[in-house]
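Chain and residue survey
Letter by letter, the chains look like this.
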Amino acid sequence: MWIERVSPRQSVFLSSSLSATAPCSFLPRAPHPARMAAIIGVPRARTARVVLGAAFGLALVTLLILSAGPSIHLQSHASAQSSPPPPSPVSQTPPKPVRRTRIAIEESAGHHEEVLGALIYSALQLPGAEVTFYRHRYLRFGFDEILTPYFPKPITPLADLYEDLRAEDGARRIDVLVSTTCEHHLPNAGKQLMQAWEARERKFRLLCLIHHANGIEKLEKDLRPWALKGALSLVGLSSHTSKSTERNLGWLMAKPDGVTGVPYDQCPVHTFVPIFPYDLSMETSSPERSLHGTRARVTRAAIQGGINQGRRDYATVFRTLEAEIRADPELWGYSLPEDPTNMTAPFVRDPAVSDPFTLHLIGQGSVEIPGPVSSVVEVHHNLVYPEFYSLLHSMDILIPAFNGGGYYTDAASSSIPAAVIGHVPILVTRMHLNSYTYLDPRGIVVRPGSISDMAAVGLLRRHGTTTPSPPVGLAPDGPELAARSWPRSEAGMEAHRGAIYERNRQVLEDAIYGDLHNFAVVGDV
């Protein structure tokens, strides 16, 4: 049975029972007894007796009405209207029908497990949602341990998707297809998907996740048939990628030799943050990993992502780290080499300092580490997901270290949501906050753009704040000052994560139920 989107307003039944004061509400207000005596012409000498009698009579009449009023009122109303009595006081508003919406989530590229896990988790929060997950291979790096607690269903082979999309019967019909890596899936299987769509009497809608907004022009020819059918919604993984997607599609329509007649400006564009729940209470055998949130100053910092210069500016990080240690080796927990002329010898850990600073590179790939900081930098390769999040949770701060503007404009870095999942404060500037608008002071430490990441870490180690003295380019009462200190509380970071969960749920509810409603495909009751 087809239904329209249910309004959040609830209808209310009026109770048939009247309160104890209800019968009096329709009675005229009685005059004061003394004034009543004067009105009917009783001499003043007899006023006291009249007052007493009138008061007694009024009290008797009122008592009779109070004891019989509700039944008399309801009986006379029933006889006058010749209708059955109203429902009993325990009657409730009939329950709202729950829309049963079948959501197929596919991942065909063989990666992006984090995005996949976030989509499944958020889709499961929607009332009436039935979620099926399609993939052509197993989940990598033990991600099944992350996913199983909230989605124990087995993976459905990707080859079954195209047949399932053709199903018309209510038990199997798919209402929404979510393409986790649309840039990969549409170019390779777009024709099969469109054939299934055209074969259906009741159509499904395509939610297409865009990872790289600057590649939208290359993908446009695959998006075009879905936009022309009015069956396309786009999803970015941060607000800046969503805006860039809209802007790039608008430019394709506007330029003289561009796309004409395709209503991309009518395709909804949503923003979804790829985070999911993970139990951070699980301890590891490594003692330093159990110290998260208990250290007196920043000791362990992480750079997470592809370990290559193209994605992260490791060269600048290493260079500024070396300069900061040479300027004040004791602050960092190191001493200079015995031979001051040897500029390639590694720094020596100072045994008098109990918390020497270490920088952890987490990811795949390799990069040349200069000799002086080779004793400061640790590299972590080939971690399974549970170990990855456990290691990340042990860090005091995460440094994005983006190289170039792509992660600020066209692509969403996985490092930012990974830190939110792992409860790691992120060292950010205003540029990060302008792009990753879901961040808030509960999970960040703000540095001025005028100082480097390593200079900011030095300030945190020295006195727990990234604010130089005097502040550089920042008013003393600036709103960011509150987010310049370290550490951040676990409770605050969990509250931040919970707020994003709720926002994601609302986004998917709008993207699935709202867009489907406009598309005239809502689902079964």
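Residues numbered from 1 in each chain as written. Predicted model: local features only at pLDDT ≥ 70, side-chain atom pairs only at ≥ 80, totals over all residues. Heavy atoms only, no water.

**Thoughts on the layout of surface pockets**
- By volume, the largest pocket is sized at about 1,000 Å³.
- Around the largest pocket sit 35 residues that line it, and H112, E114, Q304, R311 and S414 are the ones nearest its centre.
- When contributions to the lining of the largest pocket are tallied by element, the ones reaching two or more residues are helix 3 (113–124), helix 11 (385–393) and helix 13 (415–421).
- Residues of the lining of the largest pocket, tallied by class, amount to 15 nonpolar, 15 polar and five charged.
- Size it by volume and the second largest pocket reaches roughly 290 Å³.
- Contributing to the lining of the second largest pocket are 16 residues, with A401, F402, Y408, R447 and D453 lying nearest its centre.
- Among the secondary structure elements, those contributing two or more residues to the lining of the second largest pocket are helix 9 (314–327), helix 14 (430–435) and helix 15 (453–463).
- In terms of residue class, the lining of the second largest pocket is made up of six nonpolar, six polar and four charged. (1 Å grid on protein atoms, 1.4 Å probe; cavity = no way out; pocket = protein on both sides within 12 Å on 5 of 7 lines; lining within 4 Å. Points joined across faces, edges and corners; volume = space filled by probe spheres on them. Helix = DSSP H or I, 4+ residues; strand = E, 2+ residues; numbered from the N terminus. Nonpolar A, V, L, I, M, F, W, Y, C, P; charged D, E, K, R; others polar.)

**Remarks on the sheet that holds strand 4 (residues 176–179)**
- Strand order in the open sheet made by the seven strands is 3-2-1-4-5-6-7, with parallel pairing throughout. Both outer strands of the open sheet, strand 3 (156–157) and strand 7 (269–271), are each paired with one neighbouring strand and no more.
- In terms of strand pairing, strand 2 (residues 129–135) meets strand 3 through two bridges, oriented parallel. When the bridges of strand 3 are listed, Y134 appears paired with T156.
- Packed onto the sheet, helix 6 (residues 182–199) meets strand 1 (101–107), strand 4 and strand 5 (205–210) and runs at close to 155° relative to strand 5.
- Across the sheet, helix 8 (residues 239–254) lies against strand 5, strand 6 (232–236) and strand 7, angled at about 165° from strand 7, the strand it touches most. (Pairing = 2+ DSSP bridges. Contact = heavy atoms within 4.5 Å. Axes fitted to C-alpha atoms, helices over the stretch in contact; angles between N-to-C directions.)

**Some thoughts on the pattern of salt bridges**
- Applying the stated criterion to the full structure yields 21 salt bridges.
- The shortest N-O distance in the salt bridge between D328 and R462 comes to 2.9 Å. Highlighted residues: D328 in the loop between helix 9 and helix 10 (329–332) and R462 in helix 15, separated in sequence by 134 residues.
- Residue classification places D328 among the partly exposed residues on the basis of a relative accessible area of 24%.
- The partner of R505 in a salt bridge is E509, with the nearest N and O atoms 2.9 Å apart. Here E509 and R505 lie together in helix 16 (residues 490–518), a separation of four residues that amounts to about one turn.
- Several salt bridges share partner residues, and in doing so they unite E107, E113, R135 and R140 into one network. (Salt bridge = Lys/Arg side-chain N within 4 Å of Asp/Glu carboxyl O. Buried < 20%, exposed > 50% of the residue type's maximum accessible area, 1.4 Å probe, protein only.)

**Some thoughts on the packing of aromatic side chains**
- Tallied over the full model, the rule gives 18 aromatic pairs.
- Seen from their ring centres, F388 and Y389 are 4.8 Å apart, and the 65° between their planes marks the pair as edge-to-face. Like F388, the residue Y389 is buried in the burial classification.
- Seen from their ring centres, F402 and Y436 are 6.2 Å apart, and the 45° between their planes marks the pair as tilted. Of this pair, F402 sits in the loop between strand 13 (397–398) and helix 12 (406–409) while Y436 sits in the loop between helix 14 and strand 15 (444–446), and the two are 34 residues apart along the sequence. As far as the burial class goes, F402 and Y436 line up, both buried.
- Grouped by ring-pair contacts, the aromatic residues F141, F143, F276, Y278, Y385, F388 and Y389 constitute a single cluster.
- The positively charged end of R137 is found above the aromatic ring belonging to Y138, 5.3 Å away from the centroid. (Phe/Tyr/Trp six-rings, centres within 6.5 Å; stacked < 30°, edge-to-face > 60°. Lys NZ or Arg CZ within 6 Å of the ring centre and 35° of its normal.)

**Details of helix 15**
- Within helix 15, nine of the eleven residues are buried, which leaves the element mostly enclosed by the surrounding structure.
- Buried within helix 15 are the following residues: D453, M454, A455, A456, V457, G458, L459, L460 and R461.
- Residue G464 follows helix 15 closely and has a positive phi angle near 75°.

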